[in-house]
Each structure stands twice: as structure tokens, then as C-alpha cells.
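# Inside the fold
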Amino acid sequence: MSEYCNNCFCCGCYLVPRYKRLVNNVFPQNPQHGLDKNNLEKLRFYAVVKPEKLDKSFRYMSEKVARYLRHRNKPFVILGIKAMNDTMKTCYQQLNTFVDHYLDALRLVLEEKNDLELTEHAVSSFEAFCEIREEAPNYQRNYEFFVDRFTELCHNNSDTNKTKFRCLGLRGHHALIRKTANDELQNDVWKHMDKIVPSIVFNMEVREQDRQSIPTTPTSSQYNLGVTTAPDQIELIERGTALANDNPAILAVIVLRDLFCRAHLNNITACVQPILIHLDNHDKWIPVDFPKYIFSEIMNSIKHHNSYLIIELLLGHLEKHFHQQDTANIKTSIMKVIQDCMVFAAATTGAGSTMFTGISRLLKFLRQSFQIQYTSNANNSLSNNQDEHEFQTAVINGIGDFAEKLPDFQMMEIMQFIITSLATLNQGYEETTNDSKDATLKLQILLLKTVKKVASTYQTVHRRETSTQTTFPHQLFDPLLKMMNAPEPEVRLIVLEILQSLVDRRQYADKLRKIKLPKDISQLELPTETKANRLFDIAFMKKFGRQFLSQLYACILMDNNTNDIFHAIYCLMNLVTLEAGDKDVLVDVIHFCFKIQCDLTKISDSNGNLHQSSQRRLSNTNENSIHALIAAYFNLMSKLNGISAFSQHVNEVVRNRERHAPYSLPANAFNSNTDETIPSRIPKDCLFSQEIVANALDASGHDTSKFDREYRPEPGRLFFKDYMIDS
Amino acid sequence: MLMDDYKYLFKVVLIGNASVGKTCLVRRFCQDVFPTGQAATIGVDFLIKTVEVNGEKIKLQIWDTAGQERFRSITQSYYRSANALIIVFDINNLATFSSLPDWVREVKAYANNDVLCTLVGNKCDINQREVPTHVAEQFAEKNDMWYLETSAKNSENVGKLFQTIAEELTMKARESTIGASNSGHDSFFNGDQKTKPVKSSCC
């Protein structure tokens, strides 16, 4: 009964109200004995029976705590907190009647600085309080002091108890988040995020430093966002309370995850902005591991449909750094974080199409980066150049990795999106200097490489027939086909490779990569029966045949074609015929070859005649390459389709060439050592005869009526540049 | 009996460049010590001191912030609810004075409009003055502040600084409660003010 006297010494009757007596009796004479259990039970019972007295008894209790505190009677302060805690838990239904007294008392205890034990008890009690779900609204209640104080604790720097104090601060924040985050009846916690979030992130750093000092550093793959929750993380949550109490870094991660689990769409910005600012202020973007780690935790805990918002905020932040003209290093780091987040979002959330605005922003960054690179090129700052290059690679990888993880229909959308945005990207940039033209070209190639990356994964990952590969949408293929005759050979090559990936449904491309003249085609293991057995298939050639061939015509006769381009054309020609599995298509392509051969002879004829300058000029090497290409194509097709007369003719021509014009056979034509002195004309008997081939095709039941008309490429070919201006 | 016997509670926040002596000022005032070799504050520090104004107890909740740039965002979040701000600079270091306009801008951006702002030139015990008193006074006047030169080392003007702030804030609080008694300015009040004290009786 401590120092209090409940009854009068003279008469023995009670002088103190009952509630006070009960409260007084709870406190033992010797604080080491702990609270008097019996009397505590009495107090509880009294509170339940007479809830109207609860207010008074609680106020009295908190007054006692305050008085003990003033008298520095620490053991009794702790007992007082315990008693309050106990009563509160029993009478949680009347919480609103006494909560103010309780919080006031707690605040007083927390005002005691540098006392670990008191702070610990206060925080524990606060945690217990926060577990109580309230049904009545309380908008008046103000947790600001608690937030301030916990933030201060999180930044504690005392020599001896630093980690313990920091953990207490984190626990306090966590409790408050748990209590008020999703409770609309409460004074909401979100407006305090500018204090809470930096406190959490500040403590997360410690762990990162620890980690670096330990030799067995987990590889960066652990931060991989693709994994939803690594097993060790689950374990960590389970062991959480035990382990986290003495490691602020672990505790901080748990709190951060919990925070983002609870965050609603409209609170996320408030939570993420402080992180971004913190990373800026503390220069924590480099090395990228730490921000990656933070955002992987966020992406793993946030509600999936909200994850795109994180990416948007990061993009906004990247934009800010662009405006500040920061070094590319930081931008690259941010970009890498974005990349991870995008990959995560693509895989789990189906947020793919909401990300298209994000992609277009990324493409704009890419454009800006090129601009920066070329202005700095003028100033000869090489290091900057290197940084920008790294940034560009990061962007391209980001888009590529993101697209890889998308479901297939969205993959198609993203390819379309990139292709169409190629045109709009350059608007507003004057292309006066050679440098900036060069930059534009490089950008085009980079973007096409991105598309190629997407297309190739599309092929390998989605082997099943998918809507895209059977429908061949115009939005994607029209611009692609138009780019087939872009003046730059690099662009053409990539476009051809993209088309290969998209058209090749049965993985033939690898077998047809090189232009060869095999006598025995069985070693290629191409099936003889190539007819598509699915009715819903729309063959590529049915839809784009004319367009494709006329573009190919322009493409093959370009004077700056490389060997790679010829190989790619050969592969593509074979692919389209094989995929179509249609006699008409075969005839069309053969007809096309004859047109090319005819044009070639015309050109070489006119080479001697300088007046016909309007005719396109080709180098001898290129001409021979084309002849070789046609020979290889005819060889394969005639044998594959088993047209014996055709095949005999091919064999005959090849034999003639071996004798009179070996330079027009694949073995020599693509050998870089061929000398330039080779004759520009090929003997007549080394050319394929249209008549013989037409007859052979006729005999094997092909419709060769088209051979009578002269093949005409479609007029109005558009060059790539024209296309860009048009759209 | 009141739970806690103060009349008003005020929140005071100290800001200013790194190593101008904010922490020393606070420690001198609250604990009457001058810590030599004080390490840089991390984030924010917190101390409580009760002063007396006209016989009434006034509790000052003092938040001592880190001056380092990297903690700027967290310190800014403390301005919002402050009743008084103390901007500290080192009179022997011109650079700390030159960055005052930035601090004033920050205060305007983040703090309450009616916050009480005080300019303090610290370390006046050292005789290597780079900022003349009248320049600092001019600056303070222009920005509607009150200027004081202190020394945490020999405790010159430290008590006066906080005492004056407490007095000013009390006056302000009184005015606001008289002028607008029902507009909810009870953040100044100790919550228990309104409850009637219960007398304990004995024969």
C-alpha cells in the first residue's frame, strides 16, 4: 500500500474514495514484489462493474505515475505503467473515456530522455494500446509527440544503447502504423510519413553496411524482384519479434514491408517521396544495391495493382534528375531500380498496358540522353559520354526485360508501341547537324534492338500459337516492312532479323541462317510436308505478300548491303515460303527471283553504257551475292517440294557456274577475299531460265499464269525517313 | 492535484548550419553543461525544460536538429508544428551567416505563419568575429526576427534566450485564447487545465 494511507488513523473509516483505494492497493510496498495480483483483480472487477468510475480511477492512476516520475521513483513508475496497461486491456470497450489520461501519462514517461528501461516500458505499453481496435471515432487525439519522439529515438546516437533505442523507436512507429494506417476513424498516420519513413530507411542502411563488412555477402540475385518472397524472408518474419528486437536493420525492413502492405493508392506517394528524398540527400543511389534492396522490399509487399505507381514515382524522380542535369551515374542507378520494378510489375500484376506511358517517358529520356551525349561530345568530355552510354543501355535493358515478362498479347502491344513511337520521338528536335542525325540513327537502332530482343523472347518463350503470330497486325508490320528499305544497312539488318523472329513459327531460322548449296537437303531436317494444319492460321504472305516482296525488292538492290543482310534475306525468303506452305506463294517468290535476276543482267549490261545513269548501280560483289542467293533459294525449294525438272535445271546451272562463273556461287560470293577483277557479266548459260522453271512448275501442278505478266514491284515505295515524317 | 503542473507546453526547434553550436546551446540551457567535442547530431535530438513565467510553469519541448545537409528533409518536417524557431549561426564564421537567407526561405516554406522566429549569433566568447553585430541585427530586423548573441561556453545570454522565448510565447498564447477562445487553440494548453483538481483530504 506504498506510502498512501487509505483510512483514517483514528476511526478506521474510509476517507478516500473507493476508486482511489483500489488504485493505491495495487501498488505494493516493496516494488520488487510486483503488482499486487489480488488487488489488481479487484480493480479490474470494479472497472467492469462500475464503468462510470473508470475515468476517475484512470486519471488517478496516471497522476500517480506522474508523481512517481517527478520523485524519480522509477520502480513505481514502471509498476504504474503496468497497472495502466492491465486495466486498459480489461476495459478496452470504454477506451475513449480514459485514453487521454493514459496517453498523457505515457507522454510524460517518454519525455524522460536517455532512460532505456522507462522508454522500453512506455513503448511496450504503447504497442499494447495500439493493438486495441477502436469502434468510436477519435479525431482529436494527437499522436504528433509520439511520432516526433519515436523519430528521435530512431536517430539515437548514444554510445551504449544506440541499437536498443533505435529499435524502440521503430517499434513505436510500427505500432502507430498498425493502429492508424487503415483505420478511418483515427487521426491518420500518413501525414507523418515525412518523419516515419526516413527513420525506417535510415535504419535500413545499417544493415546494408553490416552486410558489406561480412564476406559472405548475398549476391545481388537475392534482391531480384522476380521472386515474390524469398524463403529466408518468410523465416525472418516468423522469427521477427525475437530477432528484430536487437537489430534495427531487420526491424526496419519488417516495418517498411508492413507499411507498404497497408498503404492505399492515395497514400503511396506520401510514403515513397520521403524515400527518394532520403536517397538523394544521403547520396545513397550509388552503389545501386541499397536502393534496389529497398524497392524490392516495397514491390514485394505493396498491393500488386498499385505497383505501377511506384514506377511512376521513380520515373518522376528520374525526370527531376534530368532537369537538375545530374551526372548520368545517378540516373543510371535510378534506371536500374526502375528496371527491377518494371520486371516485377510485368510479371505479377498485369499492369503492362498501364505502363505504356512509362515506356514513352523512358523513350524520351533516351532521346534526351542522346542529345546530352552529343552536345558533350562537342565539348570533348569523354567520361560523361561513357556515363550516358551506360544510362542508355540501362534504359534499353529495362524496356527489354519488362517486355519479356509481359503476357504475349501485351508483348505485341509493346513492340507496336516502340515502333510507332520511333516516329514521334524526333519531333521537336532539329536535325541540322550531322551529329544529331547520327544520334537519331543510333537511337533508332537501339530501339529496334529492343524490339528485336522482345521479338526473340517472344519466339522462344511463347512457342504455342498465339494470336499475334497468326494475325500479324498492321500496326506493327506496316512500319516494320517500310523500314526494310531504310538507307542505313544497320537498320535494315535489324528489321530483317525482327521479321525473321516474328514469321518463324516452327524454329526453322537456325537451319537457314547461311546461304549454302546442299546437294542433300535431308541433313537440314526440314519437314517435307509444311502445309499448316490449322485452319485459323493466316499466313504472313497472304496478308503482306505484295508489300513484303516490293520492299524486299528495294532492299535487295540496295548498294550498301552487307553479307549479313544477304544471309538474313535468304533466311527470311525461305521462312515466308515455308510458313505459308502455299503453292501460290512459292510461285510468287520464284517469280520475284526472276525479276531480280533480270534486273541484275540489265544493270550489268548498262554498266558499259554510261548514258543509262538512271539505272541503279551495284558493285560486282553484291551482284554475285544476289545470284548466289537466288541459286541457293532455288536449290532448296526445288528439292524440298520435289519438283524434279526444276531441281535438274538448278543442278545444271550450278554445274555451269562451277565451270564458267564460280564467283556467283555461295561458296565464293560470300568469301570476302574475292577480287574485284571478276567480270561483271555472267554467261547466259549460268543464269536460270524462266521458261524451263515455269514449265517445271506447271508440270508439277503449280499455277504459273503470273509468269506471263512481268513482275512489277508496288509503286510508291516509302523510305524510312519518309515514313517518319508522314506519321 | 494536477497530473503535470505546467500551464503551457511549447515546441521550440533549433536550426542552422552544421557545427554552429545548436546542441551546445541546448545542453547548456537544459543541463547546464558545455560538452566539449560534441559529435554531430544525427537526425534530431530532444530535451525538455520547464521555465517559470510570471509564477507559472511553462514547459519547453526543445528539438535540436542536425545541421548536416543530408538530414535536411527530416528536420524540415519538424518545423511544421513548432511554436518557436531559433536560427543559429556562428558569428566567427561568415559562411554560416551567408546561408541564413536559405534558412529563412525554408522557414517560410515549411513552418507555421505565426511561428516565433529568433536569430542567434553563437560563440560570442571567441574573438575572431567575422559578422559584425549591426549586420546581423539588420538582417534580423529585415526578416522580422529578434537578434541575440550568445555563448554556450560561458553561458552568456543562453538563459535569457529561452526565457524570452517562453515569455513571448506565453503572451501570444494568452492573446490567442482571449481573442479566440473557441477557435480551438488548445494545443498550447496542458490537457488537464480544464479538469477540476480533486483535493485529497485527511483529518
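The rules we used
Residues numbered from 1 in each chain as written. Chains lettered and ligands numbered in written order. Predicted model: local features only at pLDDT ≥ 70, side-chain atom pairs only at ≥ 80, totals over all residues. Helix = DSSP H or I, 4+ residues; strand = E, 2+ residues; numbered from the N terminus. Buried ≥ 20, exposed ≤ 12 C-beta atoms within 10 Å, placed from the backbone. Contact = placed C-beta atoms within 7 Å. Core = buried A, V, L, I, M, F, W, Y, C linked by C-beta atoms within 7 Å. Nonpolar A, V, L, I, M, F, W, Y, C, P; charged D, E, K, R; others polar. pLDDT = per-residue confidence, 0-100. Pairing = 2+ DSSP bridges. Axes fitted to C-alpha atoms, helices over the stretch in contact; angles between N-to-C directions. Parallel < 35°, antiparallel > 145°, perpendicular 65-115°, else oblique. Left-handed = near helix turned anticlockwise from the far one by under 90°.

Okay, the overall build of chain A next. Secondary structure summary: chain A contains 30 helices and zero strands in total. The buried share of chain A, reckoned over its 727 residues, is 44%. Relative to all contacts within chain A whose residues are 6 or more apart in sequence, the contacts with residues 24 or more apart total 75%.

So, on to the overall build of chain B. Helix and strand content of chain B: six helices and six strands. Of the regular secondary structure in chain B, the N- to C-terminal order runs β-α-β-β-α-β-α-α-β-α-β-α. The buried share among the 203 residues of chain B stands at 43%. Residue pairs in contact within chain B that sit at least 24 positions apart in sequence constitute 74% of those at least 6 positions apart.

The biggest cluster of nonpolar side chains holds 207 residues, and the ones touching the most others in it are Ile311, Ile338, Cys341, Met415, Ile569, Leu629 and Tyr633 of chain A. Apart from the residues within four sequence positions on either side, Tyr633 of chain A is in contact with Tyr570, Met573, Asn574 and Cys593 of chain A. The next biggest cluster of nonpolar side chains, apart from the first, holds 55 residues, and it includes Phe97, Leu100, Ile165 and Ala173 of chain B.

In this section: the interface of chain B and chain A. Between chain B and chain A, the residue contacts involve 24 residues of the former and 27 residues of the latter. Every element with two or more residues in the side of chain B that touches chain A is listed here: strand S2 (44-53) and helix H2 (72-79) of chain B. Among the residues making up the side of chain B that touches chain A, the classes are represented as 13 nonpolar, six polar and five charged.

Time to look at unusual backbone geometry. Note that the residue after Ile286 of chain A, namely Pro287 of chain A, is joined by a cis bond; omega there is 0 degrees. Looking at where Pro287 of chain A falls in the secondary structure, it is placed in the loop between helix H12 (265-281) and helix H13 (289-301). One non-glycine residue with positive phi stands out, namely Arg72 of chain A, at about 55 degrees. Checked against the element boundaries, Arg72 of chain A lands in the loop between helix H3 (54-70) and helix H4 (74-90). Accessibility expressed as a C-beta count within 10 Å gives 8 for Arg72 of chain A, which makes it exposed. Its identity as a non-glycine residue notwithstanding, Asp144 of chain B has a phi of 65 degrees, on the positive side. Residue placement: Asp144 of chain B occurs in the loop between helix H5 (133-142) and strand S6 (146-149).

Quick look at the confidence of the model for chain A now. A low pLDDT means the predicted coordinates there should not be read in detail. All names here are of chain A. Of the residues in chain A, 76% reach a pLDDT of 70 or more, and the chain-wide mean stands at 77. Here helix H30 (residues 720-726) stands out as the least confident element of chain A, with mean pLDDT 38; helix H7 (residues 144-154) is the most confident, with 92. pLDDT under 50 marks residues 208-240. Its contacts with residues more than four places away, or in other chains, come to 26 contacts.

For the rest of this paragraph, the subject is the sheet that holds strand S3 (residues 56-65) of chain B. All names here are of chain B. Read from one edge of the open sheet, six strands run S2-S3-S1-S4-S5-S6, paired in mixed fashion. The sheet is open, and its two borders are formed by S2 and S6, each paired with just one other strand. Put simply, the sheet's adjacent strands are angled 25 degrees from each other on average, direction ignored. Where strand S1 (residues 8-16) meets strand S4 (residues 84-90), five bridges bridge the pair, whose relative direction is parallel. Across the sheet, residue Ile15 finds its bridge partner in S4, namely Ile87.

All names here are of chain A. Turning to its location among the elements, Ile310 is positioned in helix H14 (residues 307-323). Each C-alpha atom, one on Ile310 and one on Ile298, is 8.7 Å from the other, the two residues being twelve residues apart in sequence. Setting aside anything within four residues of it in sequence, one finds Ile310 in contact with Val272, Ile298, Met299, Ile302 and Cys341.

Residues and elements named next belong to chain B. Here chain B averages 84 in pLDDT, while 85% of its residues score no lower than 70. Across residues 180-203 the pLDDT falls below 50, and counting only partners more than four positions away or on other chains, this stretch makes 23 contacts in the model. This prediction of the complex comes with two scores: 0.77 for pTM and 0.86 for ipTM.

For the rest of this paragraph, the subject is the packing of helix H24 (residues 563-580) of chain A against helix H26 (residues 620-640) of chain A. Residues and elements named next belong to chain A. It is the contact of H24 with H26, at a shortest axis distance of 10 Å, that shows an interaxial angle of 25 degrees. Judged by the angle between their axes, H24 and H26 are roughly parallel. Of the two possible hands of crossing, H24 and H26 adopt the one that is right-handed. Between H24, through Phe566, Ile569, Tyr570, Met573, Asn574 and Thr577, and H26, the contact on the second element is made entirely by Ser625, Leu629, Ala632, Tyr633, Leu636 and Met637. Of the residues assigned to the contact of H24 with H26, the class counts are nine nonpolar, three polar and no charged.

Our focus in this paragraph is the environment of Ser151 of chain B. Residue and element names in this part refer to chain B. By secondary structure assignment, the location of Ser151 is in the loop between S6 and helix H6 (158-179). Judged by local crowding, Ser151 falls into the buried class, with 21 C-beta atoms found within 10 Å. As a C-alpha pair, Ser151 and Thr96 span 55 residues in sequence and 16 Å in three-dimensional space. Once residues lying within four places of it in the same chain are set aside, the contact partners of Ser151 are Asn122, Lys123, Cys124, Asp125 and Glu156.

Attention shifts here to the pairing of S1 of chain B. All names here are of chain B. The buried fraction of S1 amounts to nine of the nine residues, a majority that puts the element mostly inside the structure. Of the two faces of S1, the one holding Tyr8, Phe10, Val12, Leu14 and Gly16 and the one holding Leu9, Lys11, Val13 and Ile15 are both buried throughout. Direction of pairing for S1 relative to S3: parallel, over a ladder of seven bridges. Bridged to Val12 within S3 is Ile62.

So, about the environment of Asn138 of chain A. All names here are of chain A. Note that Asn138 resides in the loop between helix H6 (116-131) and H7. For Asn138, a count of 14 C-beta atoms within 10 Å gives the class partly exposed. Along the chain, Asn138 and Asn96 lie 42 residues apart, while their C-alpha atoms are 8.0 Å from each other.

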